[in-house]
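# Descriptive structure summary
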Amino acid sequence: MKRLGILLASLSVILLGCAVGKTIYNDSYLVINVLDKKLFLDCHIKGSVSVPFDLVDDFATKVDKNVPVVFYCSNYSCTASGIARDRLKALGFTDVKAYEGGIAEWYQLGFPTEGPAQSGYLTGENERPLDYWDDADHITAETLHQHMVDYGLL
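Here the residue index of a chain counts from 1 through its sequence in written order. Reporting in this predicted model follows two pLDDT cut-offs: at least 70 for local features of residues, and 80 or more for side-chain atom pairs to be given and counted; totals over whole chains, interfaces and linings ignore these cut-offs and use all residues. Computation of side-chain values: all heavy atoms of the structure, hydrogens and water removed.

### Comments concerning the pattern of salt bridges
- For this document, the term salt bridge refers to a Lys or Arg side-chain nitrogen within 4 Å of an Asp or Glu carboxyl oxygen. Scanning the entire structure with this criterion turns up seven salt bridges.
- A salt bridge links D137 to K89; the nearest nitrogen and oxygen atoms lie 2.3 Å apart. On the criterion of sequence distance, the pair formed by D137 in the loop between strand 6 (113-114) and helix 6 (141-150) and K89 in helix 4 (residues 80-90) is long-range, its members being 48 residues apart.
- Under the relative-accessibility criterion, D137 is labelled partly exposed at 23%.
- With a 1.4 Å probe rolled over the protein chains alone, any residue whose accessible area is under 20% of its type maximum counts as buried; one over 50% counts as exposed, and the rest are partly exposed. Its relative accessible area of 37% is what places K89 among the partly exposed residues.
- Put simply, R128 and E105 hold a salt bridge, and the shortest N to O gap is 3.3 Å. With R128 in the loop between strand 6 and helix 6 and E105 in helix 5 (residues 102-108), this pair connects stretches of sequence that are 23 residues apart.
- Given the relative accessible area of 8%, E105 is considered buried.
- Each of R85, D86 and E100 takes part in salt bridges that share partners, so that together they form one network. Comment: elements are numbered from the N terminus, with helices defined as DSSP H or I runs of at least four residues and strands as E runs of at least two.

Written out as structure tokens, the structure is:
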């Protein structure tokens, strides 16, 4: 039994070292929540991963610059997803977008989420600006949902 414990502890250290030292994200399509971990755990898009805004630069060193990346935050009032997108574009990423409606819009549309969804902003007003559209820098909830289905994330 003691040997099994030592083996498991050693395996944990090895796996942690691999995760820290190498690319730790999938290589097909990344949907990144840039909110703090507490908000991510409360409610996030199913299939997305947490990269808090202050860790975006570190994240950029661990992923292939050709992998499609979509950043999102809380709602249309939050600018973190657009700033994160701009950072990666400046670093040479080839396909990076911001989903500006955020988890609030996604939740309100009834798309798949994970977490208890207790934060008040999830059900608050979150109107899409009239001049918002799908383009090279942005993605709508509907298009993001379809991409996630196409890539097998949902």
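Let's pick the thread back up.
### A few points about the sheet that holds strand 3 (residues 49-50)
- Judged by pairing direction, the sheet is parallel, and its four strands sit side by side in the order 3-1-4-5 without closing on themselves. Two strands lie at the open edges of the sheet, namely strand 3 and strand 5 (96-99), each paired on one side alone. Paired strands are those between which DSSP finds at least two bridges.

### Let's talk about the nonpolar core
- Residue types Ala, Val, Leu, Ile, Met, Phe, Trp, Tyr and Cys, when buried and joined through side-chain atoms within 4.5 Å, form a set referred to as a nonpolar core. In terms of nonpolar packing, the biggest core is built from 36 residues, with I45, F59, F71, L88, Y99, W106 and L144 touching the most fellow members.
- Residue assignment for this core shows that the elements contributing at least two residues are strand 1 (30-33), helix 3 (56-60), strand 4 (69-72), helix 4, strand 5, helix 5 and helix 6.
- No other element matches the four residues that strand 4 contributes to this core.
- I45 has contacts with V31, Y72, Y99, I103, W106, P112, L144 and M148, leaving out every residue within four places of it along the chain. Should any heavy atoms of two residues lie within 4.5 Å, those residues are counted as being in contact.

### Observations regarding helix 6
- Within helix 6 the residues assigned to the buried category are A141, L144 and M148. Down the axis, helix 6 shows its buried residues gathered within 65° of arc, on one side only.
- Looking one or two residues beyond helix 6, the residue adopting positive phi is G152, at roughly 75°. What the arc covers is the set of directions going from the helix axis to the C-beta atoms.

### What to know about the packing of aromatic side chains
- We call Phe, Tyr and Trp rings a pair once their centres come within 6.5 Å, taking the six-membered ring for Trp, and we label the pair stacked below 30 degrees between planes, edge-to-face above 60, and tilted otherwise. Per the counting criterion, the structure on display carries four aromatic pairs.
- A ring pair is formed by Y99 and W106, whose centres lie 6.1 Å apart and whose planes are at 70°; its orientation type is edge-to-face.
- A residue is classified by how much of its surface remains accessible, and Y99, at 0% relative accessible area, is buried.
- What makes W106 buried here is its relative accessible area of 0%.

### Things to note about the environment of E100
- By secondary structure assignment, the location of E100 is in the loop between strand 5 and helix 5.
- According to the relative accessible area criterion, E100 is buried, its value standing at 12%.
- It is 6.2 Å that separates the C-alpha atoms of E100 and N75, two residues lying 25 residues apart in sequence.
- Those residues in contact with E100 that sit more than four places away from it in its chain are N75, Y76, C78, S81, G82, R85, Y132, H138 and I139.

### Some points on the side chain of S81
- Structurally, the position occupied by S81 is in helix 4.
- A relative accessible area of 0% means that S81 is categorised as buried.
- Every residue in contact with S81, bar those within four places of it in the chain, is listed here: V34, F71, Y72, C73, A98, Y99 and E100.

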